[in-house]
Amino acid sequence: MAINAMSISFRAGALSVLILAIFLVTWHIATSGTGAVQQMDPEYAKLMGLNATQGKSAMPGPLQVGATLWQHLTNPFYDNGPNDKGLGIQLAYSIARVGMGYLLAVMVAIPLGFLIGMSQLMSRALDPFIQVLKPISPLAWMPLALYTIKDSGLSAIFVIFICSVWPMLINTAFGVASVRKEWLNVARTLEVGAFKRAFTVILPAAAPTILTGMRISIGIAWLVIVAAEMIVGGTTSRSRTSSTRSS
Amino acid sequence: MTEKLISIEAIAKRYPAPNGVQTTVFENLWLGINRGEFVCMIGHSGCGKTTVLNILAGLDAPSEGVVIVDNQAIEGPALDRAVIFQGHALFPWRTVLGNVAYAVGSKHKKWSKAQVNEHAEKFISLVGLKGAEYKKPSELSGGMKQRVGIARALSLEPKMLLMDEPFSALDALTRGTLQDEVRRICLSTGQTVFMITHDVDEAIYLADKIVLMTNGPHAQIAEIVENPLPKDRERNQIHKHTDYYAVRNHLIDFLVSRSRTFKDEIAGKPWDPMNVPLVRPVAIPPSAPEPMRKRA
Ligand SMILES: Nc1ncnc2c1ncn2[C@@H]1O[C@H](COP(=O)(O)OP(=O)(O)OP(=O)(O)O)[C@@H](O)[C@H]1O
Ligand SMILES: [Mg+2]
């Protein structure tokens, strides 16, 4: 059994490497070819850069990307002014923003989810608001955030917050509402107070569902940060990914 | 010993039915339970046994009537009435000790952690789970889980122990051992118990009194059967007792037919739900006239 399992993981690894190699080679061949050189207005040619004027592909080849990547990885913390910082610094900014937005979302979603899950009244009362706000796209929040908050960093944090709050809120409310009645009855027969019951019975019972919501939310936060920083700008990991071409 | 601990007075439970009228599960139910008594309730599925138990526990409120414990009407769940739930209802994120200690700590809020654990361990070993204190419920067999539930309830040293079919999910062998243990513990501490069961033999082995409930809706207590077997009965000896088959047949007879036809049985006769007949089925001596012996 063990030998079989090992050989399977070994073969899977070898296959992965092979697929990567084929991908890189295809990429290299596809981008190295010289296309037809276009005749164009010198002004326009200047705008388009060497790629278009000399028949090179617009897409950088694997070697080019590798070299740039290596250059950024080996020197991640340089700082040449507001629009040119090392990869490490930009990553740190992005992580800090995701962390801030996510933390705020946790702080709002979990207590609110508890309230909704425990009280039928609150659940009914807040449901229309949740149903209206939840489907709003991150892209739609961004102009609103930029316009009202003005600061680009805070806007990004807000957009991350507002987009990652929903899965957590809904999962927490659902987890709290579906705690087994028997467990609550045990707590009731033991005359456990509401506060202690929330922490010693409901929280552990709902924890798996709450954690699922938190996992979904962190995934969303990472998706949203890329979009948010593209639009709101500032020091981002995004500016690295799109600046290779123009440099 | 005949002091009344619990007095169920004229309770009814009604649920709104979809068509607007109410369905009455039971109504005008009266029952007294004396201190130190072991009372079993038998009846068909759906007649409202769990509802009665939940009302006794304070987890459910009657639509009418009151339940009085120690001269006080109950208003909700309380630590002096411990419940052993049918599905054991242990917290899966706590160990055996943690589950029992949670109950002990809820009752004795001023105790130190060591005191709480010591008290909990005492009851864990009482139900024969010494050595399994640090196991999680998922690591226990069904019988062991139910034992933890029993230990948790007993550790509260309640005035009243309420059990809803506590052994119905267990295999016959485990059920037997647990019945023995519960009986031993309850006898030695003079515990007052109200238990629901579907098992006639379990009722005969454990109960002092067996409450017979007719089929719902509009269920009622038909009669209270006094167990004629001696208090010091033994599981593997009871079937040799002269009165054993008299009780057993009486109970089975009720479950098979009388629970259904009871309303016709009392039709036209005076019926006082406050004082239902107390019956003590005993073996009929051979000299008795023929028709009387048929049942025994
Ligand atoms: N929430 C509810 N709404 C409407 N009817 C209910 C509700 N809860 C219970 N009932 C009804 O009350 C009756 C009694 O239920 P209960 O659980 O007390 O029965 P039981 O005697 O314990 O049955 P079993 O032996 O199967 O456990 C049932 O007929 C059930 O349909
Ligand atoms: Mg029931």
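Student: Sorry, what's going on with the overall build of chain B here?
Tutor: When helices and strands are counted, chain B shows eight helices and 11 strands. For chain B, whose C-alpha radius of gyration is 20 Å, the value lies close to the compact-globule estimate of 19 Å for 296 residues. Along the first, second and third principal axes, the C-alpha set of chain B runs to 65 × 50 × 35 Å. For chain B, the residues scored as buried account for 51% of the 296 residues in total. Within the structure as shown, chain B displays about 13,700 Å² of accessible surface, and the carbon and sulfur contribution to it stands at 54%. A distance of 3 Å separates the average location of the 36 positive side-chain charges in chain B from that of its 33 negative side-chain charges.

Student: Can you help me understand the site of ligand 1 in this one?
Tutor: Residues and elements named next belong to chain B. The local shell around ligand 1 consists of Tyr-15, Val-25, Ser-45, Gly-46, Cys-47, Gly-48, Lys-49, Thr-50, Thr-51, Glu-165 and His-198. Tyr-15 is positioned with one of its side-chain polar atoms (N or O) 3.2 Å from a nitrogen atom of ligand 1. Surface burial for ligand 1 is 57%, taken as the share of its 630 Å² of free accessible area covered by protein chains. Looking at the shell around ligand 1, the element that brings in the most residues is helix H1 (residues 49-57), giving three residues.

Student: What exactly am I supposed to notice about the pairing of strand S8 (residues 192-197) of chain B here?
Tutor: Successive residues of a regular strand alternate their side chains across the two faces of the sheet. Residues and elements named next belong to chain B. Most of S8 is tucked away: six of the six residues are buried. Judged by which residues are buried, S8 turns out to be covered on both faces: Thr-192, Phe-194 and Ile-196 on one side and Val-193, Met-195 and Thr-197 on the other are all buried. Where strand S3 (residues 38-42) and S8 come together, five bridges link them in parallel fashion. Of the residues in S8, the one forming a bridge with Cys-40 is Met-195. As defined by bridge partners, strand S7 (residues 160-164) adjoins S8 across five bridges and the pair is classed as parallel. What sits directly across from Met-160, in S8, is Thr-192. The β-α-β motif built from S7, the intervening helix H5 (residues 172-189) and the parallel element S8 has right-handed crossover chirality.

Student: Would you explain the pattern of salt bridges in this entry?
Tutor: Opposite charge on two side chains permits pairing when their charged atoms draw close. All names here are of chain B. Inspection of the entire model under this criterion finds 17 salt bridges over all chains. Here Lys-13 ties to Asp-60 by a salt bridge, and the two come within 3.0 Å at their closest N and O atoms. Residue Lys-13 is located in strand S1 (residues 4-16), and its partner Asp-60 is located in the loop between H1 and strand S4 (64-69); the two are separated by 47 residues in the primary sequence. For Asp-60, a relative accessible area of 23% corresponds to the partly exposed category. Taking the shortest distance from any N to any O, the salt bridge between Lys-159 and Asp-80 comes out at 3.5 Å. In this pair, Lys-159 is assigned in the loop between helix H4 (142-154) and S7 and Asp-80 in the loop between strand S5 (72-73) and strand S6 (81-84), connecting sequence segments 79 residues apart. Judged by relative accessible area, Asp-80 falls into the partly exposed class, the value being 23%. Here the salt bridges share partners, and the residues they tie into one network are Arg-35, Asp-70, Asp-80, Arg-81 and Lys-159.

Student: What should I look at first to understand a nonpolar patch on the surface in this one?
Tutor: Where nonpolar side chains cluster on the molecular surface, the patch consists of Leu15(A), Leu18(A), Ile19(A) and Ile22(A) and spans about 400 Å² of accessible area. With respect to the helices and strands, Leu18(A) occurs in helix H1 (residues 2-32).

Student: Help me understand the side chain of Lys209(B), please; the structure alone is not making it clear to me.
Tutor: Residues and elements named next belong to chain B. With respect to the secondary-structure elements, Lys-209 resides in strand S9 (residues 209-213). Classification of Lys-209 as buried rests on a relative accessible area of 16%. Side-chain polar atoms of Lys-209 contact the side chain of Glu-37, separated by 2.7 Å. Not counting the four nearest positions on each side in its chain, Lys-209 is found in contact with Asn-34, Glu-37, Phe-38, Val-39, Cys-40, Ile-224, Val-225 and Leu-278.

Student: Hey, could you run me through the sheet that holds S9(B) in this one?
Tutor: Within a sheet, neighbouring strands are paired by backbone hydrogen bonds and run either parallel or antiparallel to one another. In spatial order, the strands read S6-S7-S8-S3-S9-S10-S11 (chain B); together these seven strands make up an open sheet with mixed pairing. Taken across any chain shown, the strands that pair with only one partner, and hence form the sheet edges, are S6 and strand S11 (278-279) of chain B.

Student: In this structure, what is going on with the interface of chain B and chain A? I would like to understand it.
Tutor: Size of an interface: often given as the accessible area lost when the parts come together. Across the contact, 20 residues belong to chain B and 15 residues belong to chain A. For the pair chain B and chain A, the summed buried area comes to about 1,600 Å², and 65% of that belongs to carbon and sulfur atoms. At the surface where chain B touches chain A, the tally comes to zero salt bridges. Residue contributions to the side of chain B that touches chain A peak at three residues, all from helix H2 (residues 96-107) of chain B. Grouping the constituent residues of the side of chain B that touches chain A by class yields 14 nonpolar, three polar and three charged.

Student: So what exactly am I meant to see when it comes to the confidence of the model for chain B here?
Tutor: In low-pLDDT regions, the fine details of the predicted coordinates are not to be read closely. In the predicted model, chain B carries a mean pLDDT of 89, and the fraction of residues at 70 or more is 96%. Our summary of model confidence lists the complex with pTM equal to 0.77 and ipTM equal to 0.85.

Student: How should the side chain of Thr31(A) be read in this particular structure?
Tutor: In this fold, Thr31(A) is placed in helix H1. Here the side chain of Thr31(A) touches His28(A) through a polar contact of 3.3 Å, landing on its backbone oxygen.

Student: Teacher, can you tell me more about the packing of helix H7 (residues 138-149) of chain A against helix H8 (residues 152-177) of chain A here?
Tutor: The geometry of a pair of packed helices is captured by two quantities: the angle between their axes and the separation between those axes. All names here are of chain A. Remark: H7 packs on H8, axes separated minimally by 9 Å, with the N-to-C direction vectors making an angle of 140°. It follows that H7 is oblique to H8 by the angle criterion. Note on packing geometry: the crossing formed by H7 with H8 is right-handed. Counted together, Pro-138, Trp-141, Met-142, Ala-145, Leu-146 and Ile-149 of H7 and Ser-152, Leu-154, Ser-155, Phe-158, Val-159, Ile-162 and Cys-163 of H8 form the full contact between these two elements. Classifying every residue of the contact of H7 with H8 by side-chain character gives 11 nonpolar, two polar and no charged.

Student: It is not clear to me how the environment of Trp166(A) should be interpreted in this structure. Could you clarify?
Tutor: Residues and elements named next belong to chain A. With respect to the helices, strands and loops of the structure, Trp-166 is situated in helix H8. The class for Trp-166 is buried, based on a relative accessible area of 10%. Sequence separation between Trp-166 and Ile-216 is 50 residues, and the spatial gap between their C-alpha atoms is 9.7 Å. Among residues more than four places away in sequence, those in contact with Trp-166 are Ile-130, Leu-133 and Lys-134.

Student: Explanation requested: the state of the cysteines in the structure shown.
Tutor: Linking two cysteines covalently through their sulfur atoms gives a disulfide. All names here are of chain B. Considering all chains together, one arrives at zero disulfides over all chains under this definition. No disulfide involves Cys-47; its sulfur sits 14 Å from that of Cys-40, the nearest cysteine. For Cys-186, which is in no disulfide, the shortest distance to another cysteine sulfur is to Cys-40 and amounts to 11 Å. Among the residues examined, Cys-186 registers a relative accessible area of 7% and is labelled buried.

About the criteria used
Residues numbered from 1 in each chain as written. Chains lettered and ligands numbered in written order. Predicted model: local features only at pLDDT ≥ 70, side-chain atom pairs only at ≥ 80, totals over all residues. Heavy atoms only, no water. Helix = DSSP H or I, 4+ residues; strand = E, 2+ residues; numbered from the N terminus. Rg over C-alpha atoms; globule rule 2.2 N^0.38 Å. Buried < 20%, exposed > 50% of the residue type's maximum accessible area, 1.4 Å probe, protein only. Areas by Shrake-Rupley, 256 points an atom, 1.4 Å probe, with all protein chains shown as cover. Lys, Arg positive; Asp, Glu negative; His and termini not counted. Charge placed at Lys NZ, Arg CZ, Asp CG, Glu CD. Near = heavy atom within 4 Å. Polar contact = N/O pair within 3.5 Å; in protein donor to acceptor, adjacent residues only side chain to side chain. Pairing = 2+ DSSP bridges. Right-handed = clockwise from strand over helix to strand, strands pointing away. Salt bridge = Lys/Arg side-chain N within 4 Å of Asp/Glu carboxyl O. Patch = residues over 30% accessible without salt bridge, like charges linked within 9 Å, V, L, I, M, F, W, Y side chains within 5 Å. Contact = heavy atoms within 4.5 Å. Buried area = accessible area lost by both parts, 1.4 Å probe. Nonpolar A, V, L, I, M, F, W, Y, C, P; charged D, E, K, R; others polar. pLDDT = per-residue confidence, 0-100. Axes fitted to C-alpha atoms, helices over the stretch in contact; angles between N-to-C directions. Parallel < 35°, antiparallel > 145°, perpendicular 65-115°, else oblique. Left-handed = near helix turned anticlockwise from the far one by under 90°. Disulfide = S-S within 2.5 Å.

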